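Chain residues, written in single-letter form:
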Amino acid sequence: MTLVLPETQEVVTDIFRQHNAIIETGHFALPSGKHCGSWVSSAPINARVGLLSIFGQMIADSFRKDNIELIVAIAIAGIPLAHHIAYHLNQTAPPLIIFAEEVHRLDRKAFAFIREYEKLIPGKRTLIADDIINLGTSMKTIVQMVQKKEGIVCGVTCMCHRGTITAEELGVPKLHYLSYLPVETWEPFLTGNCPLCKNRVDIDQQNPRSIEFVKRFGQPNAWHSQI
Ligand SMILES: [Zn+2]
């Protein structure tokens with residue numbers, strides 16, 4: 001089941017716009033390695049506790065009947081939201097909160113539960129929270145990690161869904177999001193199908209992945225034709 005309420009989506013998207021969280025045009029690298037031409041940043045929302053509280057309550061209301069015992073946040077940007085969801089789910093006996101963080105393994109990106117966190121997972125009714133879902137690659141990895149540790153994944157949630165991945169594809173009963181702002185994505189470099197790379201448009205260094213991309217490969221206008 002995939003959930004999005006049109007009236008909620010409109011209100012949340014307006015809040016994103018009011019706080020300049022949506023950059024309509026640009027050239028960005030996503031965690032999956034693909035490129036896109038617009039960006040939604042959770043930073044202006046994560047900086048405002050009042051907005052996070054409202055969003056946390058909206059999400060908590062959607063999972064109130066699921067008896068959530070554990071929230072897994074995807075570090076770093078999903079952590080503040082997870083705390084507000086937990087608080088609004090149950091102020092006297094809130095669910096536990098842990099987080100999965102990105103680690104480097106043999107030059108590839110992976111996630112891990114460090115510090116004793118994974119011992120809290122087995123048998124728990126779990127909600128997984130992130131700020132933004134783009135292609136859903138990271139979310140799918142975390143769902144599988146929780147299931148492998150015998151957690152019962154009741155659903156996943158985010159403030160903004162930008163891709164096409166569904167609850168079924170994630171392997172969860174419920175995919176919940178507060179706003180839906182789909183984005184087209186492309187393979188990078190002059191050899192890929194990214195029109196912005198082909199036109200040698202500078203990468204906007206708005207997010208860690210774009211900064212990393214430029215550090216590693218430079219800006220498109222400096223590329224040789226074989227890239
Ligand atoms: Zn590109």
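Here the structure is shown first, and the text comes after it.
Residues numbered from 1 in each chain as written. Predicted model: local features only at pLDDT ≥ 70, side-chain atom pairs only at ≥ 80, totals over all residues.

## Observations concerning the environment of His104
Working step 1: Mapped onto the fold, His104 is located in strand 7 (residues 96-105).
Working step 2: Linking His104 and Asn20, residues 84 residues apart in sequence, is a C-alpha distance of 32 Å. (Helix = DSSP H or I, 4+ residues; strand = E, 2+ residues; numbered from the N terminus.)

## Looking at the pairing of strand 10 (residues 152-161)
Working step 1: By the criterion of burial, strand 10 is predominantly enclosed, with nine of the ten residues buried.
Working step 2: Pairing geometry for strand 9 (residues 125-133) and strand 10, over eight bridges, is parallel. Residue pairing across strands places Ile133 opposite His161, the latter belonging to strand 10.
Working step 3: Handedness of the crossover joining strand 9 and strand 10 through helix 5 (residues 137-148): right-handed. (Buried ≥ 20, exposed ≤ 12 C-beta atoms within 10 Å, placed from the backbone. Pairing = 2+ DSSP bridges. Right-handed = clockwise from strand over helix to strand, strands pointing away.)

## Thoughts on the nonpolar core
Working step 1: Of all hydrophobic cores here, the largest spans 54 residues; its most connected members are Ile71, Val72, Ile85, Ile128, Ala129 and Val143.
Working step 2: Among residues more than four places away in sequence, those in contact with Val72 are Ile98, Phe99, Ala100, Thr126, Ile128, Ile142 and Val146. (Core = buried A, V, L, I, M, F, W, Y, C linked by C-beta atoms within 7 Å. Contact = placed C-beta atoms within 7 Å.)

## Regarding unusual backbone geometry
Working step 1: Following Ala75, the chain continues to Ile76 via a peptide bond in cis, the omega torsion being 0°.
Working step 2: Mapping Ile76 onto the fold places it in the loop between strand 6 (70-74) and helix 4 (79-89).
Working step 3: With a phi close to 55°, Asn20 is a non-glycine residue in the positive phi region.
Working step 4: Looking at the element boundaries, Asn20 is found in the loop between helix 1 (6-18) and strand 2 (22-23).
Working step 5: The exposure class assigned to Asn20 is exposed, which follows from the 10 C-beta atoms found within 10 Å.
Working step 6: Phi at Glu150 takes a positive value of approximately 65°, unusual for a residue other than glycine.
Working step 7: Counting through the fold element by element, Glu150 comes out in the loop between helix 5 and strand 10.
Working step 8: For Glu150, a count of 10 C-beta atoms within 10 Å gives the class exposed.

## Quick notes on helix 4
Working step 1: Taking burial as the measure, the eleven residues of helix 4 include eight buried ones, the bulk of the element.
Working step 2: For helix 4, the complete set of buried residues consists of Pro80, Leu81, Ala82, His84, Ile85, Ala86, His88 and Leu89.
Working step 3: Packing partners of the buried residues in helix 4 comprise helix 2 (43-46), helix 3 (49-62), strand 6, strand 7, strand 9 and strand 10.

Note that all results are geometric; they support no functional claim without further evidence.
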